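Next come the chains, spelled out residue by residue.
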Amino acid sequence: MFWVSFKFFVFLVTLSILKILPGGKSYEPPGTVKYPLGDEDLNNDILKNPSIIEKSLKDFKQFQSSCTRSISGDLQDPHVDCCNDDIRYGPKDILFSTNALKPSPELSCKRCDLQVKENKEAKYRRVAVTQYCNIFPKYKEIGQNVVPKITQWVNVHGFEVKDIQPLKEFNITALKLVHLKTKAEYLHLFRNDSNNVFSINFRTTPKDNTGLPHILEHIVLCGSQIFPVRDPFFKMLNRSLATFMNAMTGADYTMYPFSTQNYQDFCNLQKIYLDAVFKPNLRYFDFLQEGWRLENTNPQDIKSDLIIKGVVYNEMKGAFSENERILEQKVLNLILPDHTYGVISGGDPLKIPNLTWEDLKNFHKLCYHPSNARFYSYGNFPLTNTLKYIEDTYLSQCDYQDQSHTVVPPQKHWTQPKQEHIIGRYDNLGEAFEKQNILTVSLAMSDITNIYDTFVLSFLTELLIRGPNSPFYKMMIEPNFSGGFIPSTGFDTQTRDCIFTIGLQGLKQEDFSKVIDIYETTIDDVLKSGFDTKHIESVLHRYEIGIKHETSNFGLHLLFGIVSTWNHNGDVINALRINTLLDKLQNDIKSDKFFLQKAVERFFKNNKHRLVLTLSPDKEYEKKQLDAEKKLIKSKVNGLTQENKQSIYETGLELLKEQTSPQNTNILPTLTMDDISDDIDHVNREKSKFGPVPTQINKVNTNGITYFRGIINTSQLTPEQHMLLPLFCSIITKMGTKKMNYREFDNLVMTKTTGLDVGVHFAESLYQLHVYEPGILLSSYCLDKNVQSMWELWNDIFNLNELKDVKRFETLVQLYMSNLTHGVADSGHAYAMQSAAGLISGAAYQKDLLTGLQHISYMKTLVKTKRYESILAELSNIAKQLFDKNNLRCSLNILQEKRNSIVKTYEKFVGDLPGNTFGVPNETTYNTGKVWAPTDAINCQHHVINVPIHFCSKGVLTVPYTEPDYARLRVLGRLLSAKYLHPEIREKQGAYGGGARISTDGVFSFYSYRDPQNLETLNVFDKSYNWLEKEVDQITEQDILEAKLGVFQAVDAPVPPSSKGMREFLLGINPDVLQRHRAEIMIVNRDGLKKVAEKYLAKDTPVSTSKVILGPKINMALPQNYSSFENYLEDCLIFLKKYSWIYNSPNTHLLSNNILRETSSDWIEYFKRISTKSLNKLATCETEENAPNSLKQFLQKVKSFNPTLKRYTNEVTVNFPKNTQIGPKKKHEIVSLIPLINEVCRKTNCDAVIDIGCGLGYISEILNQQFNYKVIGIEGCPKKVLLAEQYQKKFYSKRSTTKVEYFEHMVTDDSSSYMEQLYTNKLNSKNNVCIIGLHVCADLCITVLDLFRKLDFVKVVRFKRSTKK
């Protein structure tokens, strides 16, 4: 369930999907049909008992005139045009046709046994002229020969068929129906696709910012009349094999879609959804949980502070975590201000607490009436069953209700442009503060119901902004004064008035006026010069191939593409006729060479409804938001009486009881293991070798498209080169080639393919932890007719020997950096899980370096050097090493019948590729990643980002994919998510989501999403095993079955032709491995779950456990026994005052100041008799049993303040050189500090160390000797520097003299420039640096911390007793 602000679900979504061609073996689950309104026996029923229904000759002639094909021949002769085309199927005894027929009951046909009669027993309110003739061929294919225009149809279970139309480009038959009693609309898209979709949509038009439709969307799924259990929606997630299941709220609609390949599942989910929307319970406690509530911080402590909680409340705090989302919402509110678009449908967190339960119930009555419903279904399941269920169970009980109050009128257009400025967040991961400004130019465009205008504008948008040959790219991006287009740049068709937006990020405020001038100049240039013909051809080609390309959930994407048009009563069937629209557009362009320019003039140049919106960051933004929230809470609390507070407290307890009470889930429908296929979908594949290149050929139904993928192994690259791989992949196909500049090359690429994509490839070993295959993935696809051109384009890339265009490279780097942090806040849980996994898995750590937060940090440091020429030179070296066919393995997805012709061209392509004849032919090469050294403390990280919510994760290293425990852990993850984590994290804490899962790197990850808590959530993760241990006997076979069904949703998810065979090619999961894994999932039982839980979750170990929080700064985490900071600090001050005698004097004055006299005598006696080991334990608040009670109480109080008091005992074996006269104390210090330094260096990706106060260089040399760090030793005493250099030559290896250098320098407040010089001259400005000091204390400690603050290349400071990051 979520609130959406779709920007890219434009009309073109239909271009991302493909028609499924007849033929080929495909899975047809029980319940599929071959006719839109019938069942599997429909054809036989018609053949056995054709019924011909006559109304009148007059009606027949009207019917005849409505058809696009005229009826020919003498009406007295029925044999003219006898039943050879234009056939259509209906329910049971009805067959529709446009063929010639004299509608006379006396007429019979000797030639074809035609019988004409009146069906006097018809149950349908309307009749239509129909006929049957057995001369017509057997009904071979679905959706063929559809009647183009029908004016009169029949009543089917209360629904009147209004229209039946073919959509040949998608091999769809569209049926449009209207419920006679309530006027509810139904659109059924019949297609031979087993992944069926169903959705109920409502037009919901709020008038305020309380988030009414969004909160209602959540609450209707919390229980209904037929299914009165708490949260049946979430419980059905694990009782189903749904390929998609969710609900979402848009600006003016709410929709409830799901998809599944199983007919029983389809019926089950349909019942859940229909009862939820039409007969929800709408309980008060569900409103409190999902919407908002005042509740004590600790629900069980009435004295704890009152705060606002609620799932949607926290969701919307997270929804505006990025400036892009803030800006996008403001554009909508400001450019279409007069009606529902002027408010935030999802809810403003500061306004949500104004919503009442009564408001919610009233809104449901108004907007969730069947008269406001739009039903949608897609696929090959029978429609009549659905119509009957909807009619009998819900619609027959309702009458029509006027819904004019939900209608959104067109926005009255302005006569003058407007400009507004808003404030947003400062992104601490983004660019420099002064370059975090954004400007957008937005225009209100066509009415969504004007299908052709909307299509033309979507086409114009592509021409104007996509790729380096577009006018706005040339004028706005190539001058390189910004960070490129914002993600929402494009044409938004999710509102009644469509909106065009073009925006630039990474701006300085002084560039605002410049951008506006460029916009206007670009439009003028287009009007003057038009568009380049080749650019137009490339955009047209994208449309052509887009129609043929298939995605994994065709019906769902189709729904998203039409929802807005349908929501405003537009003609959705004509909106789906892409070929018709394309033909008209091409004809208009051909007949009028100025057609596109005229359209630009009409919609852009002369459009006064234009909004310029600018955004600037404010470092105090988050504080102001928190202050506003505190003010809101204060306003809610101030007027409360003691009785009110008592009532809130009791309600909180009652809600907590409600959330923990068992539910009767037996009333919910469910699938069984019998619904899971025993076998997998086998791909017809062959494996061959062409020269040195291993190739997997997948022969699948690609609809005339050739899909190519290649993996180039990168094991030969150095670690430094690997860090550059993401940047290399981003720019390598955008720099041009030997023969063409980047514009010419892009034009050719987009005219022949959909693009040449290069990305980082990373595949974890299926058999060993920490092991992975590094590489880059090449991918592209094209129409079969263009396959030779595609090979030539890739050949040009492989022959790139030198990259020289530094200016172009600088532009691409700027674009790359601007987009690098997009989505961190929206996908924070993924970044947190990746970061946590990287602390315990060598493979995951390498992945984090290339795709996670570490990569962002690395790139920011790299770009600050501004050494674009040297970076580009290094990327050229990478290209020379990688683009060698000896490093390559490939995969092709092609049509069986095109196999020989395509493979012939492919073989020549491989033969022409460059290759080192002395190289080793490519074999899959795996690397082993570094693993953290174990310590006594769990590896933890807190990544600070300026957002108001948290993303928490805990990682546990377990086993690789092929181990039986992996399947058990996979099921355990689903079980924990549903039974423990969801109730604790979402229902009780108010986070938007949370769960557990295992990934292919073997890390079992806990996570939370948009979470108001942080350390409390980590505590929930830690208690997972305790919960499981306590509840294991209560876990039923049904619970385990549900967990397995949840796993199989992912394992058996539908795969489009373009991706068939990719699980094996990319990850090595071949059919045998997959089938074995499926079998292991099927046999998981309670004992197996108990075993893996005890083995991996019972006890956290430093080597296998990690924790990460991604979110705002945590000023202080309160112990559980404190409800507020005030109480905590007050208690601390009282304690510190009582024992001030302990810390008022320096340690060295312990005796001279008579401190011992203040100490209790029984304490002193105890200290005298215990061992040194026991004495050391006092530092961690540990005592012997015979310790004085007063001492125990003292230490217990210290522990209650929750300090971190763990001893670090991970020491390493150090081979000290002989005759250095290092004393035992010094050795102990070195042995203790060395592993700490190594640990923090690895965590922060530091490969160089500056040792301040290095003395004789003992630590410096051992760091190099043990861990190969580059070390710079700084010492203020010249004699020690000289001795250190002498010891280096005498006691250490020759390597030391190149890796360790000593310098005489007294560190002061002014040492930052000296450090900068050392970094540049001695470390080559490439290294992240850790500053260490064995005896950094007093003022020097402050000085070094100041250096850390000033020097960006210093990532961590490690002193003997403290660490600062």
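Refer to the preceding data block for the structure.
Right, let's walk through the structure included here. (Residues numbered from 1 in each chain as written. Predicted model: local features only at pLDDT ≥ 70, side-chain atom pairs only at ≥ 80, totals over all residues. Heavy atoms only, no water.)

## Some details on helix α43 (residues 1189-1200)
With 12 residues, α43 extends 16 Å between its outermost C-alpha atoms, agreeing within 8% with the 16 Å of an ideal straight helix rising 1.5 Å per residue. Those residues of α43 that sit buried are Leu1191, Phe1194, Leu1195, Val1198 and Ser1200. (Helix = DSSP H or I, 4+ residues; strand = E, 2+ residues; numbered from the N terminus. Expected span 1.5 Å × (residues − 1). Buried < 20%, exposed > 50% of the residue type's maximum accessible area, 1.4 Å probe, protein only.)

## Structural notes on the nonpolar core
When a protein is soluble and globular, its nonpolar side chains tend to lie buried together. Among the nonpolar cores identified, the biggest contains 157 residues, and Phe604 and Phe728 are the most heavily contacted of them. Among the elements that take part in this core, helix α11 (residues 451-465) stands out by supplying 10 residues, more than any other. When near neighbours in sequence (up to four residues on either side) are disregarded, phenylalanine 604 contacts Leu443, Met445, Leu457, Leu460, Leu464, Phe500, Tyr519, Ile523 and Ala599. (Core = buried A, V, L, I, M, F, W, Y, C linked by side-chain atoms within 4.5 Å. Contact = heavy atoms within 4.5 Å.)

## Side note on the side chain of arginine 239
Inspection of the secondary structure puts arginine 239 in the loop between α4 (232-236) and β9 (244-245). Of the polar contacts made by the side chain of arginine 239, one reaches the backbone oxygen of leucine 668; its length is 3.0 Å. Not counting residues up to four positions away in its chain, the partners in contact with arginine 239 are Asp265, Thr665, Leu668, Pro669, Thr670, Leu671, Gln1038, Glu1042 and Leu1045. (Polar contact = N/O pair within 3.5 Å; in protein donor to acceptor, adjacent residues only side chain to side chain.)

## Observations concerning the pairing of strand β29 (residues 993-998)
For β29, the buried fraction is high: 5 of the 6 residues fall into the buried class. Inspection of the sheet shows β29 paired to strand β30 (residues 1003-1009) by 6 bridges, in the antiparallel sense. When the bridges of β30 are listed, glycine 993 appears paired with tyrosine 1009. Hairpin connection of β29 to β30: 4 residues between the antiparallel strands, including glycine 1002 at a positive phi of 85 degrees. (Pairing = 2+ DSSP bridges.)

## Section: the sheet that holds β30
The sheet built from 5 strands is open, its strands ordered β27-β31-β28-β30-β29 with mixed pairing. Each having just a single partner strand, β27 (939-944) and β29 make up the two edges of the open sheet. Along the sheet, successive strands turn relative to each other by an average axial angle of 10 degrees, direction set aside. Note: strand β28 (residues 951-957) against β30, 5 bridges, orientation antiparallel. Its bridge partner lying in β30, leucine 957 is registered against valine 1003. (Axes fitted to C-alpha atoms, helices over the stretch in contact; angles between N-to-C directions.)

## Let's talk about the pattern of salt bridges
Under the definition given, this model contains 52 salt bridges. The shortest N-O distance in the salt bridge between aspartate 592 and lysine 598 comes to 2.9 Å. A salt bridge links aspartate 1052 to arginine 1078, with the nearest nitrogen and oxygen atoms 2.8 Å apart. Of this pair, aspartate 1052 sits in the loop between α34 (1037-1051) and α35 (1062-1067) while arginine 1078 is found in helix α36 (residues 1071-1082), placing the two residues 26 residues apart along the sequence. In this structure arginine 1078 comes out as buried when scored by relative accessible area, which is 0%. (Salt bridge = Lys/Arg side-chain N within 4 Å of Asp/Glu carboxyl O.)

## A short note on the packing of helix α31 (residues 964-988) against α36
Contact geometry of α31 with α36 gives a least axis separation of 9 Å together with a crossing angle of 55 degrees. When the axes of α31 and α36 are compared, the pair comes out oblique. Judged by the twist between their axes, the crossing of α31 over α36 is right-handed. Residues Pro964, Tyr966, Ala967, Arg970 and Val971 of α31 form the contact with α36, whose participating residues are His1077, Glu1080 and Ile1081. (Parallel < 35°, antiparallel > 145°, perpendicular 65-115°, else oblique. Left-handed = near helix turned anticlockwise from the far one by under 90°.)

## Details of the packing of aromatic side chains
Applying the stated criterion across every chain, the model contains 55 aromatic pairs. Directly above the ring of phenylalanine 554 sits arginine 191, whose terminal nitrogen or CZ lies 3.7 Å from the centroid. (Phe/Tyr/Trp six-rings, centres within 6.5 Å; stacked < 30°, edge-to-face > 60°. Lys NZ or Arg CZ within 6 Å of the ring centre and 35° of its normal.)

## A word on the sheet that holds strand β19 (residues 610-618)
One key point about sheets: their strands pair by backbone hydrogen bonds, in either a parallel or an antiparallel sense. Strand order across the open sheet formed by 5 strands is β15-β19-β16-β18-β17, with mixed pairing between neighbours. Each edge of the open sheet carries a strand with a single partner, namely β15 (418-425) and β17 (490-492). Averaged over all pairs of adjacent strands, the angle between strand axes in this sheet comes to 25 degrees, irrespective of strand direction. Pairing of strand β16 (residues 437-447) with strand β18 (residues 497-507), which is carried by 8 bridges, proceeds in the antiparallel orientation. When the sheet's bridge partners are listed, alanine 444 is paired in β18 with isoleucine 499. Its contacts with the sheet place helix α19 (residues 621-638) against β15 and β19, and it is angled at close to 85 degrees to β15.

These values are about where atoms sit, not about what they do.
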